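Understanding the architecture of this molecule
Listed here are the chains, written in short residue letters.
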Amino acid sequence: WAFATAGVHADKLYEMVANEAVQLQLRGFNSQDVTNMVWAFATAGVHADKLYEMVANEAIQQQLQGFSPQCLSNMVWAFAKAGVHADK
C-alpha cells in the first residue's frame, strides 16, 4: 500500500508478495488485507492475474461476508483499474 501510494516502483517486490499470497492461498489475510493488497497492485499498475483471481474467488466463496462497504468499494475499484473481468 505504501509503495503504491508513494509511487515507488518495486516490480520484484510486488511479484514476490503476489506469489507468496497465492502460494498461501490467502491464509492469514483478512478482508482488509486482501483489499489493500489488490488496491496497491492496481494503483501501481502491477499485473497479478492469479492474485486478482484468488481474491475474487475468496470474496465470492465468503459471499462477501466480512468485507466492509469500504473494502468492497476499494476491491471493485482495484479490479476495474486492473482490467479484471469476472465471468461468475
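Quick caveat: nothing in here was measured; it's all calculated off a predicted structure. Just so you know, the residues in each chain are numbered from 1, in the order the chain's sequence is written. In keeping with the predicted nature of the model, local features appear solely for residues at pLDDT of at least 70, side-chain atom pairs appear and are counted solely at 80 or more, and the whole-chain, interface and lining totals rest on all residues. Side-chain descriptors were evaluated using all non-hydrogen atoms of the structure, hydrogens and water having been removed beforehand.

1. Description of the packing of helix H3 (residues 31-44) against helix H4 (residues 49-61)
Two numbers describe a pair of packed helices, the interaxial angle and the distance between the axes. Put simply, the test is: Note on geometry: axes are lines fitted to C-alpha atoms, helical ones only across the stretch in contact, with angles between N-to-C directions running from 0 to 180 degrees. Labels follow the DSSP assignment, with helices taken as runs of H or I lasting at least four residues and strands as runs of E lasting at least two, numbered in each case from the N terminus. Each crossing gets its handedness from the near helix: less than a right angle anticlockwise from the far helix is left-handed, clockwise is right-handed. Note on contacts: a residue pair is in contact if any heavy atoms of the two residues lie within 4.5 Å. The nonpolar class holds Ala, Val, Leu, Ile, Met, Phe, Trp, Tyr, Cys and Pro. Asp, Glu, Lys and Arg form the charged class, and all remaining residues, Gly among them, are polar.
At a minimum axis separation of 11 Å, H3 and H4 run at an interaxial angle of 145 degrees. Taken as a pair, H3 and H4 cross one another with a handedness that is left-handed. Here H3 contributes Val34, Met37, Val38, Phe41 and Ala42 to the contact with H4, which in turn contributes Leu51, Tyr52 and Val55. When its residues are assigned to classes, the contact of H3 with H4 shows eight nonpolar, no polar and no charged.

2. Regarding the nonpolar core
Threshold: Throughout, nonpolar core names a set of buried Ala, Val, Leu, Ile, Met, Phe, Trp, Tyr and Cys residues whose side chains join them through atoms within 4.5 Å. Note on classification: 1.4 Å probe, protein chains only; a residue is buried when its accessible area is under 20% of the maximum for its type, exposed when over 50%, partly exposed between these limits.
Counting 21 residues, the largest nonpolar core has Phe41, Leu51 and Val55 as its most contacted members. Those elements that place two or more of their residues in this core are helix H2 (11-23), H3, H4 and helix H5 (69-82). Apart from the residues within four sequence positions on either side, Leu51 is in contact with Ala18, Ala21, Val22, Leu26, Met37 and Phe41.

3. What to know about H2
Note on helix geometry: an α-helix contains 3.6 residues per turn, so any two residues three or four positions apart are oriented the same way. The following threshold applies: Expected span of a helix, by definition, is 1.5 Å for each gap between consecutive residues, and there is one gap fewer than residues. Summarising the geometry, the arc corresponds to the directions from the helix axis toward the C-beta atoms.
The end-to-end C-alpha separation of H2 is 18 Å, in line with the 18 Å expected for 13 residues at 1.5 Å each. Buried within H2 we find Tyr14, Ala18 and Ala21. All buried residues of H2 project into a common sector of 65 degrees when viewed along the axis, lining one side. Turned more than 90 degrees away from the buried face of H2, the exposed residues are Lys12, Met16 and Gln23. A positive backbone phi angle near 55 degrees is found at Gln25, which sits one or two residues after H2.

4. Things to note about the side chain of Ser31
Structurally, Ser31 is set in helix H3. Look past the residues within four positions of Ser31 in its chain and what remains in contact with it is Gly66, Phe67 and Cys71.

5. Quick notes on the confidence of the model for the protein chain
We apply this condition: Known as pLDDT, the predictor's confidence for each residue is given on a scale from 0 to 100.
For the protein chain, per-residue confidence averages 87 on the pLDDT scale, and residues scoring 70 or more make up 86% of the total. Looking across the protein chain, the model is least confident in helix H1 (residues 2-6), with a mean pLDDT of 57, and most confident in H5, with 94.

6. What about the side chain of Thr35?
Rule in force here: For the purposes of these results, a polar contact is taken to be a pair of N or O atoms within 3.5 Å, where, inside protein, one atom must be able to donate a hydrogen and its partner to accept one; residues adjacent in sequence count only when each atom of the pair is a side-chain atom.
Inspection of the secondary structure assignment puts Thr35 in helix H3. For Thr35, a relative accessible area of 1% gives the class buried. At 2.8 Å, the side chain of Thr35 and the backbone oxygen of Ser31 are in polar contact.

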